[in-house]
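Here is how the chains run, residue by residue.
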Amino acid sequence: MSGPPDSTWNDEDLVRACRSGDDAAWSALVDKYKKLVFSIPAKYRLPPEEATDVFQGVWMDLYRDLPKLERAEALRSWLVTASARRSLLHKKKRQRLLGQSGLDPQLADSAPGVEQLQQEAEREQLLRDSVSRLPPRCQKMIHMLFFEHPPRPYSEVARELGLAEGSIGFIRGRCLDKLRKLFVHPEG
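Cut-off values and rules
Residues numbered from 1 in each chain as written. Predicted model: local features only at pLDDT ≥ 70, side-chain atom pairs only at ≥ 80, totals over all residues. Heavy atoms only, no water. Core = buried A, V, L, I, M, F, W, Y, C linked by side-chain atoms within 4.5 Å. Buried < 20%, exposed > 50% of the residue type's maximum accessible area, 1.4 Å probe, protein only. Helix = DSSP H or I, 4+ residues; strand = E, 2+ residues; numbered from the N terminus. Contact = heavy atoms within 4.5 Å. Expected span 1.5 Å × (residues − 1).

Trainee: Explanation requested: the nonpolar core in the structure shown.
Mentor: A general tendency of soluble globular proteins is for nonpolar side chains to be buried together. Grouped together as the largest cluster of nonpolar side chains are 30 residues, with contacts concentrated most on Leu29, Trp59, Leu62, Leu75 and Leu79. Where this core is concerned, the elements lending two or more residues are helix 1 (11-19), helix 2 (23-43), helix 3 (48-65), helix 4 (75-97) and helix 5 (114-132). The residues touching leucine 75, leaving out its near neighbours within four places in the chain, are Asp11, Val15, Leu29, Tyr33, Leu62 and Leu69. Core analysis: the next-biggest nonpolar cluster, separate from the first, contains 16 residues, Val131, Met141, Leu161 and Leu179 among them.

Encoded structure:
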């Protein structure tokens, strides 16, 4: 890859650069997968401070274990599994601490299975990766219409993107078509 490492690099190149001690590659790797790692404690309904502990612990574990990672393609699965294990440990610890006063209602439902989490998290990461490969105008439009809560009205999207309000639906459709193609064929 040319230029400094960034989150658009593939996992194999990022892992190789991280193993060689490239700090920029580590920053790019964390940037690429931070939402994936943070999504797991959220699925376990951990409070923000515990989610932060899980996040930090997972990256420390990866730093320690990266030389043992046999295939760069396994990185996502490794991150999901490590995040799920740490999240489950935090959840069980909270349950034990709250044992005398009753179970925290947020913790009452069972933890999602690691396999289910892995499938959901990998699909979400694929969506993030696909959106990041869209042209900048499409990226911005997709974020404004689908990732912001509440979604922005067309008038506001049109104003921010410098487009006619009547063209937003058509352009949105074209952007979604591009996204669908990237999502179905991530390497294409």
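Trainee: Help me out: how do you make sense of the environment of leucine 14 in this one?
Mentor: Take leucine 14: it is sitting in helix 1. Exposure remark for leucine 14: the relative accessible area of 0% places this residue in the buried category. Along the primary structure leucine 14 and tryptophan 26 are separated by 12 residues, whereas in three dimensions their C-alpha atoms are 7.6 Å apart.

Trainee: Looking at this structure, how should I read helix 3?
Mentor: The α-helix advances 3.6 residues per turn, and as a result positions three or four apart in sequence lie on the same side. Counted at 1.5 Å a residue, the expected span for helix 3 with its 18 residues is 26 Å, and the 25 Å between its end C-alpha atoms agrees. Along helix 3, the residues that are buried comprise Glu50, Ala51, Val54, Phe55, Gly57, Val58, Trp59, Asp61, Leu62 and Asp65. Buried-residue contacts for helix 3 involve helix 2 and helix 4.

Geometry only, nothing functional implied.
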